[in-house]
Amino acid sequence: KINFLTAKIYKVKGDYSNSLQFLFEEKKYINYLTDKEKLIVELEKIEVLRELSLDKEAKDILTTIENNDIGASKNVRVYKKAAILLEKVKFSLNEQKFTEGITLLTNELQASNNLIDFPELALSYTLTLGQLNLENRNFVEAKKYFENALTTIKKSKYNNNYAEVFALSGLASICFQEKKHN
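Residues numbered from 1 in each chain as written. Predicted model: local features only at pLDDT ≥ 70, side-chain atom pairs only at ≥ 80, totals over all residues. Heavy atoms only, no water.

Quick look at the overall build of the protein chain now. Counting secondary structure elements, the protein chain contains 9 helices and 0 strands. For a compact globule of 182 residues, the expected C-alpha radius of gyration is about 16 Å, and the protein chain comes in at 17 Å, within 12% of that figure. In terms of overall dimensions, the protein chain has C-alpha extents of about 50 × 35 × 35 Å along its principal axes. Looking at the 182 residues of the protein chain, the share that counts as buried comes to 40%. Contacts in the protein chain between residues far apart in sequence, at least 24 positions, make up 56% of those at least 6 positions apart. Carbon and sulfur atoms make up 52% of the accessible area of the protein chain, which amounts to about 10,700 Å² in all. Charge-centre separation for the protein chain: the mean point of 27 positive side chains lies 3 Å from the mean point of 25 negative side chains. (Helix = DSSP H or I, 4+ residues; strand = E, 2+ residues; numbered from the N terminus. Rg over C-alpha atoms; globule rule 2.2 N^0.38 Å. Buried < 20%, exposed > 50% of the residue type's maximum accessible area, 1.4 Å probe, protein only. Contact = heavy atoms within 4.5 Å. Areas by Shrake-Rupley, 256 points an atom, 1.4 Å probe, with all protein chains shown as cover. Lys, Arg positive; Asp, Glu negative; His and termini not counted. Charge placed at Lys NZ, Arg CZ, Asp CG, Glu CD.)

Here the focus is helix α9 (residues 161-177). Taking 1.5 Å of rise per residue, the 17 residues of α9 would be expected to cover 24 Å, and the 24 Å separating its terminal C-alpha atoms lies within 8% of that figure. Inspection of α9 places Ala163, Ala167, Gly170, Leu171 and Ile174 among the buried residues, and these make up the whole buried set. Taken around the axis of α9, the buried residues stretch over an arc of 95°, which confines them to a single face. Counted as exposed and oriented over 90 degrees from the buried face of α9: Val165 and Phe176. Considering only its buried residues, α9 is in contact with α7 (119-135) and α8 (139-155). Of the residues trailing α9, Lys179 is marked for its positive phi of about 60°. (Expected span 1.5 Å × (residues − 1). Arc of directions from axis to C-beta.)

What follows concerns the environment of Ser124. Tracing the backbone shows Ser124 in helix α7. On the accessibility criterion, Ser124 (19% relative accessible area) is buried. Each C-alpha atom, one on Ser124 and one on Ala149, is 8.5 Å from the other, the two residues being 25 residues apart in sequence. Excluding residues that lie within four positions of it along the chain, Ser124 makes contacts with Leu86 and Lys90. A polar contact is formed between the side chain of Ser124 and the side chain of Lys90, at a distance of 3.1 Å. (Polar contact = N/O pair within 3.5 Å; in protein donor to acceptor, adjacent residues only side chain to side chain.)

Bringing the packing of helix α1 (residues 2-13) against helix α2 (residues 16-26) into the picture now. Any two packed helices are characterised by how steeply their axes cross, that is the angle between the axes, and by the distance between the axes. At their nearest, the axes of α1 and α2 sit 8 Å apart, and the two run at 165° to each other. On the basis of the axis angle, α1 is roughly antiparallel to α2. For the element pair α1 and α2, the recorded crossing hand is left-handed. Along its contact with α1, which presents Asn3, Phe4, Thr6, Ala7, Tyr10 and Lys11, the element α2 presents Tyr16, Asn18, Ser19, Phe22, Leu23, Glu25 and Glu26. Grouping the amino acids of the contact of α1 with α2 by side-chain chemistry returns 6 nonpolar, 4 polar and 3 charged. (Axes fitted to C-alpha atoms, helices over the stretch in contact; angles between N-to-C directions. Parallel < 35°, antiparallel > 145°, perpendicular 65-115°, else oblique. Left-handed = near helix turned anticlockwise from the far one by under 90°. Nonpolar A, V, L, I, M, F, W, Y, C, P; charged D, E, K, R; others polar.)

Bringing the nonpolar core into the picture now. The biggest cluster of nonpolar side chains holds 34 residues, and the ones touching the most others in it are Leu43, Ile46, Ile65, Tyr79, Leu105, Leu121 and Leu132. Membership of the second largest hydrophobic core comes to 13 residues, among which are Leu127, Ala142, Phe146 and Ile153. (Core = buried A, V, L, I, M, F, W, Y, C linked by side-chain atoms within 4.5 Å.)

Following this line, the structure appears as structure tokens:
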């Protein structure tokens, strides 16, 4: 698990090369990880590869995850389904398919309450919806999602500075787009 934590630290610092190196190093110790942890390691790889604009490689890992039977428990299967959908939506965001991404998230995830047991995934969901609405120039909705994310972060027992920066950056972008610079 040390490799995974080190990879996350490097990702936060913006050192994606070292982050990937430690994520792939974590695979050597796969026998010591739970099914959910194995899935999270693969999802982190996708996120880092997407940041490096290596979409083909990231989509290959996503396809592998979809086709593999990771996790026997219902909890892990629900997490896997919601996480895969969220990753697909993030690809839509990169491909500038904002309306498609918004529709996918609102229809699939909100209808099924998949995120109740996964607060970190719910936060990512909220931030992604905020970003999609911002890019789609729906500032009212975007502001609502970014403010919801900040509220969630403040209520959480863990201080997620990484997510807080994204939410605040989103709110700042809204102000900039609306020419409210004060």
